[in-house]
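# Per-entry structural report
Each chain is listed here by its residues.
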Amino acid sequence: MELLTRLMELQEHHGAVTDEMLRALSKERGVPLYRLEGLRSFYPVFRAQPGPKRQVKVCRDICCHMQGGAGFVERVRRAVGRDAGGRNPRVQIEAVSCIGRCDSAPAATVNDIPVHGTAQEIAAFASGAKPLPGNEPAAAPRRWPTDPYPAPAERYGALTRLLRGGDAATAERGRDQVIATLKAAGLRGMGGAGFPAGTKWEATRAAPGAVKSVVCNADESEPGTFKDRLILEDLPHLVIEAMIIGAWVVGAEQGVIYLRHEYGRERKAVERALAEARARGMLGKNLLGSGFSFDVRLFISPGSYIMGEETALLEALEDKRGEPRNKPPFPTTHGLNARPTLMNNVETFAAVPIILERGADWWAAQGLRGCKGLKFLAVSGDVGKPGVVCVPLGTSVQELLDLCDGVAGGKALYAFAPGGASSNFLPAAKRDVALDFAALQQAGSMLGSGAVIYVAAGRDLVELGANVVRFFRNESCGKCVPCRVGSEKAVEMIEEALRGQPRPGLIPLLQELGSTMTQTSICGLGQVALQPILSVIANFPADAAGRLGPSRVKTGAPARKQTATKHAARKRMAKGQPAKKQIAKRRAAATHAPRRAAAKQPARPMAKARRVAGSRAASRGAAQRAKKTSRAARRTHAAPRAIRRARSRS
Amino acid sequence: MADAPRLITLTIDGKRVTVPQGTTIWEAARRAGIEIPVLCHNPRLRPVGVCRMCVVDVGERVLAAACVRQCAPDQKVVTRSAQVEGHRRMLTQLLLSDYPRESVRDRATGEDELLNLARGYRIRGTPFPDGTGQPTARGTDTSSPVIAVDHQACILCDRCIRACDELQNNDVIGRTSRGYGARIAFDLNAPMGESTCVSCGECMAVCPTGALTNKAWSGLGAGKA
């Protein structure tokens, strides 16, 4: 934490972390130069040379892309240039990944202050023609149904009762009770993976080793996801209280809130809440005379989506490049500094106090359709009123849409992604599905990060899928081959297709590549990177056929045969003929692999949940629809059917 | 006196194997005479599991990298199913799509591990866009008097980094940038010849491809400096 914090300070004060600064730092700390270069070049916040005074970062990802249209960043650039008469050396404009302002898309930041509007409006903020808006937390925080405390004075009630419980034996029973309550409540990880919280707390408590840590993952950054932002702004005390309770249960001594740097307003809210907690004796030594000591430190992330993956996050906290670790071991036993670490998402922590205050039964009763509890959802895309809502878990996609004033412009709903950019797109026909872990999985998608993106009729779904794949390519850390190379090649091939020149056999090739990436990537990012486009192929075959080419595989892999001639210069590699056996083997790989991905459910995906969902039912429904529509579509459902056949053999 | 390590028994490709607890699947397989292909791993180095060539089926949702995954009691490991081989083949093709047409190591010693793997899979080409000669191509570095660097032939296996920093403690090589743009770098991304490299040669000794080679082999830098 110390090294990256120091680099962040340098960047903030000097607008860059130059070679000279790194050489000085290398001597001062005895850290090799290559390590410092590795950090500076990995995290997007750092620059080697200072840039212009006005730094403008314009989001290029799906929600902003939907509202701003293609080429939005270019339009902002042109507008700024015109505004200042030609090129504007005072302003640097950069296209960046999702900044978590999908509810006010298209969004940008100017010197880290969030702004939004048309290209002209953003340009006006950028050039200084229009004063920047304030960036303070809401003066009067909104009330949310997961806050058990009607007045600020009553905060930390659950914690206070636990700490004042009495002797050691009573305290131990109290710890058992907390875990039992969380289990009974059915609280699951809300970062996306949905891992049962009580089980995680229990495992971390049981894990031997000191010093244990509690880490709050406040690095949500998947396109469409911004629910934690509101929780951090309005309910930071609940997060802090739950972290302290968690520490008391598992026996941790230190806590870290890992916050994405784009959340400046939320950072202030968290800092104030930490100060308040400290002033009330809830943080520090010997809390409320219980003998238990614990403190929380706020760590500002130097950026990038992958940091939300739990082990990448831990690497950053250890001053390394944010590259996910091979799991197992898991953070519960080998977390921060290889010690047991309790890590939960913001929303998961924030639910703990009310569950302890009102009981597991109360929490379970809040859900609908057999689901337990309440859920924060970030709603964006083609919707009348985008934003964050807190609803019963199990609310349907249509009910949520009604709650948010329906589809924007009164259009028909065409598709939706129920759990963030990495969740499979589903057709509007599935609008009655419950927003719940099991129901969405069954429908062929996932609850994921709790971000529902609605897509109206008339949208180019292939282009949206391509946008998301591009996002994953941009955010790949580069550690493992399938993700680093596979995501790049996929983007290149999809872009060829969008330019009207799909390579022959593109769809089966993407399916095969996607299967290899799912099966062999280290972390969830690589595992789901192609899912957005693959879900369009599976669930909207008519859309895909028009842009990506036919999905039928005639014999073996025609694409390979063609490119083989192109690469004839590499003949030395093999003298032998690609025998029929080889082709059969390839086909076996193409059909077996997806079956495996679909058949087995994830045991323990990454914290930010990028789960690969089998979409058997989805592709069947879609294939039926396609059958009715056109001849072109008829040709294209061959591949999903082939996969289905393969699956049904399992 | 340390306790004797606990022994565990598992099945690899139908063979029962007993190994001390903590042994990786790759190591256990090797002891049983089963070879699992690798590019990033080398028994002299700490395993990192980044090339994913050693993936095996342990009955989980996704495959596991044998070089880093420890054996578990009663585990059933399949190292060579059609499915596993299909994925290895795909990974090899991905790497080949960015690989230069000429490998100095292959020409000089025939020990280019990527090309040998490709030969084993009888891969004649790749279905993916050619990454050589693109704006994203990574270029060469001939600044060192001893070692030729062909960044385009680098598969980011991390072997040179571990050799330089962990075997030799020279602390010169690391990774710069990220994602598809990531590559190996010396000090603050200096040309190798201007870095603190002492030309010990460990990096080119462990390199599995044509990325780090002896200049004497290549003529890559000859007449160019």
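Residues numbered from 1 in each chain as written. Chains lettered and ligands numbered in written order. Predicted model: local features only at pLDDT ≥ 70, side-chain atom pairs only at ≥ 80, totals over all residues. Heavy atoms only, no water.

## Some points on the nonpolar core
Definition in use: Nonpolar cores are built from buried Ala, Val, Leu, Ile, Met, Phe, Trp, Tyr and Cys residues. Side-chain atoms within 4.5 Å join them into one set. Only protein chains enter the accessibility calculation, which uses a 1.4 Å probe; a residue whose area is less than 20% of its type maximum is buried, one above 50% is exposed, and one in between is partly exposed. Note on conventions: DSSP H or I runs of at least 4 residues are helices, E runs of at least 2 residues are strands, and numbering of each starts at the N terminus. Residues count as neighbours in contact if any of their non-hydrogen atoms are within 4.5 Å of one another.
Ranked by size, the top nonpolar core spans 213 residues in total, and within it Trp201, Ile244 and Tyr454 of chain A together with Leu212 of chain B carry the most contacts. The dominant element in this core, judged by the number of residues it contributes, is helix H11 (residues 236-250) of chain A, at 11 residues. With near-sequence residues (within four places) excluded, Ile244 of chain A lies in contact with Tyr156, Leu159, Met282, Leu283, Leu287, Phe292 and Phe294 of chain A. Counting 22 residues, the second-largest nonpolar core is a separate cluster that includes Ile12, Trp26, Cys54 and Cys67 of chain B.

## Let's talk about the interface of chain A and chain B
For clarity, the threshold we go by: Summed over both partners, buried area is the accessible surface (1.4 Å probe) that two parts give up on being assembled. Salt bridges are defined as contacts in which a side-chain nitrogen from Lys or Arg sits within 4 Å of a carboxyl oxygen from Asp or Glu. Here a polar contact is recorded for every N or O atom pair within 3.5 Å, except that within protein the pair must consist of a potential hydrogen donor and a potential acceptor, and residues adjacent in sequence are included only if both atoms are side-chain atoms. Three residue categories are used. Nonpolar comprises Ala, Val, Leu, Ile, Met, Phe, Trp, Tyr, Cys and Pro, charged comprises Asp, Glu, Lys and Arg, and polar comprises the others, including Gly.
Counting from both sides, the interface comprises 70 residues of chain A and, opposite them, 63 residues of chain B. Here chain A meets chain B over a buried area of about 6,000 Å², counting both sides, of which 55% is carbon and sulfur. At the boundary of chain A and chain B, one finds 3 salt bridges. The tally of links between chain A and chain B comes to 24 residue pairs in polar contact (both at pLDDT 80 or more). Among the elements of the structure, helix H2 (19-29), helix H3 (33-42), helix H18 (461-475), helix H19 (481-498), helix H20 (506-520), helix H24 (558-566) and helix H25 (580-599) of chain A are those that each provide at least two residues to the side of chain A that touches chain B. Examining the composition of the side of chain A that touches chain B, we find that 10 residues originate from one element, H19 of chain A, more than from any other. Split by residue class, the side of chain A that touches chain B holds 27 nonpolar, 20 polar and 23 charged.

## Digging into the pairing of strand E13 (residues 451-456) of chain A
All names here are of chain A. Test applied: For two strands to be treated as a pair, DSSP must find no fewer than two bridges joining them.
A large share of E13 lies buried, amounting to 6 of its 6 residues. Here E13 shows two buried faces, one formed by Ala451, Ile453 and Val455 and the other by Val452, Tyr454 and Ala456. Two elements, strand E9 (residues 374-381) and E13, share 4 bridges in a ladder whose sense is parallel. Residue pairing across strands places Val379 opposite Val452, the latter belonging to E13. As defined by bridge partners, strand E11 (residues 413-417) adjoins E13 across 4 bridges and the pair is classed as antiparallel. From the neighbouring strand, Phe416 faces E13, where its bridge partner is Tyr454.

## Regarding helix H12 (residues 264-279) of chain A
For an α-helix the count is 3.6 residues per turn, leaving residues at separations of three or four pointing the same way. Residue and element names in this part refer to chain A. Threshold: Given a helix with a known number of residues, its expected span is that number minus one, times 1.5 Å.
The terminal C-alpha atoms of H12, which comprises 16 residues, lie 23 Å apart, in line with the 22 Å expected from a rise of 1.5 Å per residue. Looking only at H12, the buried set comprises Gly264, Arg265, Glu266, Ala269, Val270, Ala273, Leu274 and Ala277. On its buried face, H12 is in contact with helix H10 (227-234), H11, strand E6 (252-260) and strand E7 (295-301). Of the residues flanking the end of H12, it is Gly281, one or two places downstream, whose phi is positive at about 80°.

## Section: the side chain of Arg40 of chain A
Tracing the sequence through the fold places Arg40 of chain A in helix H3. We classify Arg40 of chain A as buried; its relative accessible area is 8%. One polar contact links Arg40 of chain A to Glu37 of chain A, side chain to side chain, over a distance of 2.9 Å. The residues touching Arg40 of chain A, leaving out its near neighbours within four places in the chain, are Val17, Thr18, Asp19, Leu22, Phe46, Arg47 and Ala48 of chain A together with Leu188 of chain B.

## Quick word on the pattern of salt bridges
For the structure on display, the rule yields 57 salt bridges over all chains. Across the pair Asp234 of chain A and Arg142 of chain A runs a salt bridge whose closest N-O atoms are separated by 2.7 Å. Remark: Arg142 of chain A occurs in the loop between helix H6 (119-127) and helix H7 (157-163) and Asp234 of chain A occurs in helix H10; sequence separation between them is 92 residues. Note on Asp234 of chain A: relative accessible area 3%, which makes it buried. Between Arg159 of chain B and Glu113 of chain B there is a salt bridge whose closest N-O contact spans 2.9 Å. Residue Arg159 of chain B is found in helix H5 (residues 159-167), and its partner Glu113 of chain B is found in helix H4 (residues 113-120); the two are separated by 46 residues along the sequence.

## Remarks on the sheet that holds strand E5 (residues 76-77) of chain B
Strand order across the open sheet formed by 3 strands is E2-E1-E5 (chain B), with mixed pairing between neighbours. Of all strands in the sheet, those with a lone pairing partner are strand E2 (15-20) and E5 of chain B, marking the two edges.

## Thoughts on the sheet that holds strand E10 (residues 387-392) of chain A
Pairing in this open sheet of 5 strands is mixed, and the strands run E10-E9-E13-E11-E12 (chain A) from one edge to the other. What marks the edges here is a single partner per strand, and that holds for E10 and strand E12 (426-427) of chain A.

## Digging into the pairing of E2 of chain B
Residue and element names in this part refer to chain B. Of the strand pairs in this sheet, strand E1 (residues 7-12) and E2 are connected by 6 bridges, and their pairing is antiparallel. Bridge pairing in E2 links Leu10 to Val17. Linking E1 to E2, which pair antiparallel, is a turn of 2 residues; within it Asp13 sits at a positive phi near 50°.

## Observations regarding unusual backbone geometry
Peptide bonds are mostly trans, and most non-glycine residues show a negative phi. Omega for the peptide link from Lys327 of chain A to Pro328 of chain A comes to -5°, which places this bond in the cis form. One can find Pro328 of chain A in the loop between helix H13 (310-317) and strand E8 (341-345). For the bond running from Pro328 of chain A to Pro329 of chain A, omega is 0°, close enough to zero to count as cis. Note that Pro329 of chain A resides in the loop between H13 and E8. Of note in the backbone geometry, Asn169 of chain B takes a positive phi value of approximately 55° without being a glycine.

## Quick notes on the side chain of Ser213 of chain A
All names here are of chain A. Structurally, Ser213 can be placed in strand E5 (residues 212-218). Of note is the side chain of Ser213, whose polar atom sits 2.9 Å from the side chain of Gln254. Every residue in contact with Ser213, bar those within four places of it in the chain, is listed here: Ala252, Gln254, Leu336, Pro340, Thr341 and Leu342.

## A look at the confidence of the model for chain A
Basically, it comes down to this: Confidence of the predictor at the level of single residues is captured by pLDDT, which takes values from 0 to 100.
For chain A, the average pLDDT comes to 87, and 84% of its residues sit at 70 or higher. Overall, residues 553-650 of chain A carries pLDDT values under 50, and its contacts beyond four positions in sequence, including any with other chains, amount to 196 contacts.

## A short note on the environment of Gln92 of chain A
Residues and elements named next belong to chain A. Following the sequence through the fold, Gln92 ends up in strand E2 (residues 91-96). Residue classification places Gln92 among the partly exposed positions, given a relative accessible area of 27%. In this structure the C-alpha to C-alpha distance between Gln92 and Arg54, which are 38 residues apart in sequence, comes to 6.2 Å. Beyond its immediate sequence surroundings of up to four residues, Gln92 is in contact with Arg47, Gly51, Pro52, Arg54, Gln55 and Val56. Separated by 3.1 Å, the side chains of Gln92 and Arg47 make a polar contact.

## Re the packing of aromatic side chains
What characterises a pair of aromatic rings is the spacing of the ring centres plus the angle enclosed by the ring planes. Residue and element names in this part refer to chain A. For the record, the criterion: Two rings from Phe, Tyr or Trp (for Trp, the six-membered ring) form a pair when their centres sit within 6.5 Å of each other. Planes less than 30 degrees apart are called stacked, planes more than 60 degrees apart edge-to-face, and all others tilted. The criterion is that NZ of a Lys, or CZ of an Arg, lies within 6 Å of the ring centre and within 35 degrees of the ring normal, and then a charge sits over that ring.
Enumeration over the complete set of coordinates arrives at 10 aromatic pairs over all chains. Considering the side-chain rings of Trp144 and Phe376, the 5.1 Å spacing of their centres and the 55° angle between planes classify their relative orientation as tilted. Of this pair, Trp144 sits in the loop between H6 and H7 while Phe376 sits in strand E9, placing them 232 residues apart in sequence. An aromatic cluster of at least three residues, connected via ring pairs, comprises Phe42, Tyr43 and Phe46. Above the plane of the ring of Phe437 lies Arg188, whose end atom (NZ or CZ) is 4.1 Å from the centre. Residue placement shows Arg260 over the ring face of Tyr263; its charged tip is 5.3 Å from the ring centre.

## Some points on the environment of Gly68 of chain A
Residues and elements named next belong to chain A. Considering the arrangement of structural elements, one finds Gly68 in helix H4 (residues 62-68). Classification of Gly68 as buried rests on a relative accessible area of 10%. Sequence-wise, Gly68 and His14 are 54 residues apart; in three dimensions their C-alpha atoms are separated by 33 Å. Once residues within four sequence positions are removed from consideration, Gly68 is found in contact with Arg75 and Pro106.

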